Amino acid sequence: GFALLPVFGNVHASSINTSSGWNMPVGVTDISQEVFHLHMTILWICIAIAVVVFGVMFWSLFKYRRSKGAKSAHFHENTFVEIMWTAIPMVILVVMAIPATATLKKMYDTSNADIDILVTGYQWRWRYEYLGEDVSFFSNLSTPREQIYGQEARGDFYLVEVDEPMVVPVGRKIRLLLTANDVIHSWWVPDLAVKKDAIPGFINESWTRIDQPGVYRGQCAELCGRDHAFMPIEVKAVSEEEYTAWLASKRDAAMAEAQGADREWALDELMARGEGTYNTYCAACHQPDGKGLPPIFPALAGTGISIDPNARQAHIDIVLYGKTGTPMPAFGTTLSAAELAAVITYERNAWGNDTADSVQPAE
Ligand code: CUA
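Residues numbered from 1 in each chain as written. Predicted model: local features only at pLDDT ≥ 70, side-chain atom pairs only at ≥ 80, totals over all residues. Heavy atoms only, no water.

J.: Would you explain the overall build of the protein chain in this entry?
T.: When its secondary structure is counted, the protein chain shows 7 helices and 10 strands. If you take every contact in the protein chain between residues at least 6 apart in sequence, the share linking residues at least 24 apart comes to 62%. Accessible surface for the protein chain amounts to roughly 20,300 Å². Of this, 61% is attributable to carbon and sulfur atoms. (Helix = DSSP H or I, 4+ residues; strand = E, 2+ residues; numbered from the N terminus. Contact = heavy atoms within 4.5 Å. Areas by Shrake-Rupley, 256 points an atom, 1.4 Å probe, with all protein chains shown as cover.)

J.: What am I meant to see in the pattern of salt bridges here?
T.: Charged atoms that come close allow side chains of opposite charge to pair. One pass over the structure, following the stated rule, counts 12 salt bridges. The residue E129 makes a salt bridge to R127 at a minimum N-O spacing of 3.3 Å. Put simply, R172 and E240 hold a salt bridge, and the shortest N to O gap is 2.5 Å. Linking R172 in the loop between strand 4 (166-169) and strand 5 (174-180) with E240 in helix 4 (residues 240-259), this pair joins segments that are 68 residues apart in sequence. Counted as one network, the salt bridges with shared partners bring together D114, R172 and E240. (Salt bridge = Lys/Arg side-chain N within 4 Å of Asp/Glu carboxyl O.)

J.: Quick question: what am I supposed to make of the packing of helix 6 (residues 309-321) against helix 7 (residues 337-349) here?
T.: In helix packing, the relevant descriptors are the interaxial angle and the interaxial distance, both defined with respect to the helix axes. It is the contact of helix 6 with helix 7, at a shortest axis distance of 12 Å, that shows an interaxial angle of 130 degrees. As far as their axial angle goes, helix 7 and helix 6 are oblique. Note on packing geometry: the crossing formed by helix 6 with helix 7 is right-handed. Residue-level contacts link R312, H315, I316, V319 and L320 of helix 6 to L340, I344, E347 and R348 of helix 7. For the contact of helix 6 with helix 7, a count of residues per class yields 5 nonpolar, 1 polar and 3 charged. (Axes fitted to C-alpha atoms, helices over the stretch in contact; angles between N-to-C directions. Parallel < 35°, antiparallel > 145°, perpendicular 65-115°, else oblique. Left-handed = near helix turned anticlockwise from the far one by under 90°. Nonpolar A, V, L, I, M, F, W, Y, C, P; charged D, E, K, R; others polar.)

J.: Explanation requested: the side chain of R125 in the structure shown.
T.: Residue position: R125 is located in strand 2 (residues 125-130). Buried charged residue R125 carries no salt bridge. Nearest counter-charge: D182, at 7.0 Å. Separated by 2.6 Å, the side chains of R125 and N140 make a polar contact. Setting aside its immediate chain neighbours within four residues, R125 contacts T120, F138, S139, N140, M231, T280 and Y281. (Buried < 20%, exposed > 50% of the residue type's maximum accessible area, 1.4 Å probe, protein only. Lys, Arg positive; Asp, Glu negative; His and termini not counted. Polar contact = N/O pair within 3.5 Å; in protein donor to acceptor, adjacent residues only side chain to side chain.)

J.: Help me out: how do you make sense of a nonpolar patch on the surface in this one?
T.: A surface patch of nonpolar side chains, about 570 Å² in accessible area, is lined by I49, V53, F54, M57, F58 and L61. Take F54: it is sitting in helix 1 (residues 30-63). Its relative accessible area of 44% is what places F54 among the partly exposed residues. (Patch = residues over 30% accessible without salt bridge, like charges linked within 9 Å, V, L, I, M, F, W, Y side chains within 5 Å.)

J.: Sorry, what's going on with the side chain of S32 here?
T.: Mapped onto the fold, S32 is located in helix 1. At a separation of 3.2 Å, a polar atom in the side chain of S32 contacts the main-chain amide nitrogen of V28. A polar side-chain atom of S32 sits 3.4 Å from the main-chain carbonyl oxygen of D191.

J.: Help me out: how do you make sense of the sheet that holds strand 9 (residues 214-220) in this one?
T.: Within a sheet, each strand pairs with its neighbour through backbone hydrogen bonds, oriented either parallel or antiparallel. As summarised here, the arrangement of the 5 strands in space is 4-10-9-6-7, forming an open sheet in which the pairing is mixed. Across the chains shown, the open sheet's two edge strands, defined by having one partner strand only, are strand 4 and strand 7 (194-198). Shown here is a sheet whose adjacent strand axes are inclined to one another by a mean of 25 degrees, direction ignored. Both strand 6 (residues 185-189) and strand 9 contribute to a ladder of 2 bridges, which runs antiparallel. Residue pairing for strand 9: W187 is matched across the bridge by C220. Relative to the sheet, helix 4 contacts strand 4 and strand 10 (232-238), its axis offset from that of strand 4 by approximately 140 degrees. (Pairing = 2+ DSSP bridges.)

Structure (structure tokens):
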């Protein structure tokens, strides 16, 4: 199913589980298998039609060629032929439409789901919110884009991976609610036969039930800006016990993150955290060296945003609430207090801006 992606230099071909590399994947859900067989049935019907139509055409060209003295026939109409070439395609279309409609009906039936996950597309990452479970997180690129470009320049193949996959238990019906924060994205995982647009202001629905444990990969399938090629999707299907343990670990991590706001952080701890946060959320536009891409993406390095308390507060407000009329989104619901403090500390001290100084989460 990912046969085309290695052409774009996106995915390590050997690590993708495909049926043949030429066809769409059979996939790992009832729906994906049904879609595959439907596709094969229709393909064979089309091949049969092509063989008959082109067969008759080439046979006629050969049999009635002029060198054999054939004369063209002259007639005005033939009611029988006209009825047949209307009726036969109609019957073929109806024959194809019956199983196709049944499959579509099944694909659209999101009722009686066991688990509801809200999937939100951002430029350029996915966010998964497990409704009713108090678990939500961003699924970011695991390797910074710049590093991937470096590998590409050396001609290496690589796998674009995420830091945190969407984890689901096998054998349960998962309802996916899809939306977007900024522009239209599309959540596409070929092995699940799910490809659904994530549109700002709308909630689209889809569902899946995976029977085989494993990691299933996908990619944003709607051109959504510069890093569209760097919005990978990873769905990890695990046993029920592993899923329960994973949910608990996500809750613990969220708890620890919340507690990070109450304690004193060491400067190097904030710097390390801030660098990661900066590279994940800020570097794409403001550049890894903080010099920005003026005039659209202003420089952060050497601007004194952290020396003058008013400038710093204005900067924090922009980070929290975004800036209307510019591409700067609001990070207020994205960043925790600790991440915000860390990234401000990092901007204050990286790139030789200022003297070493930290900003604590409690500030
Ligand atoms: Cu998001 Cu393309």
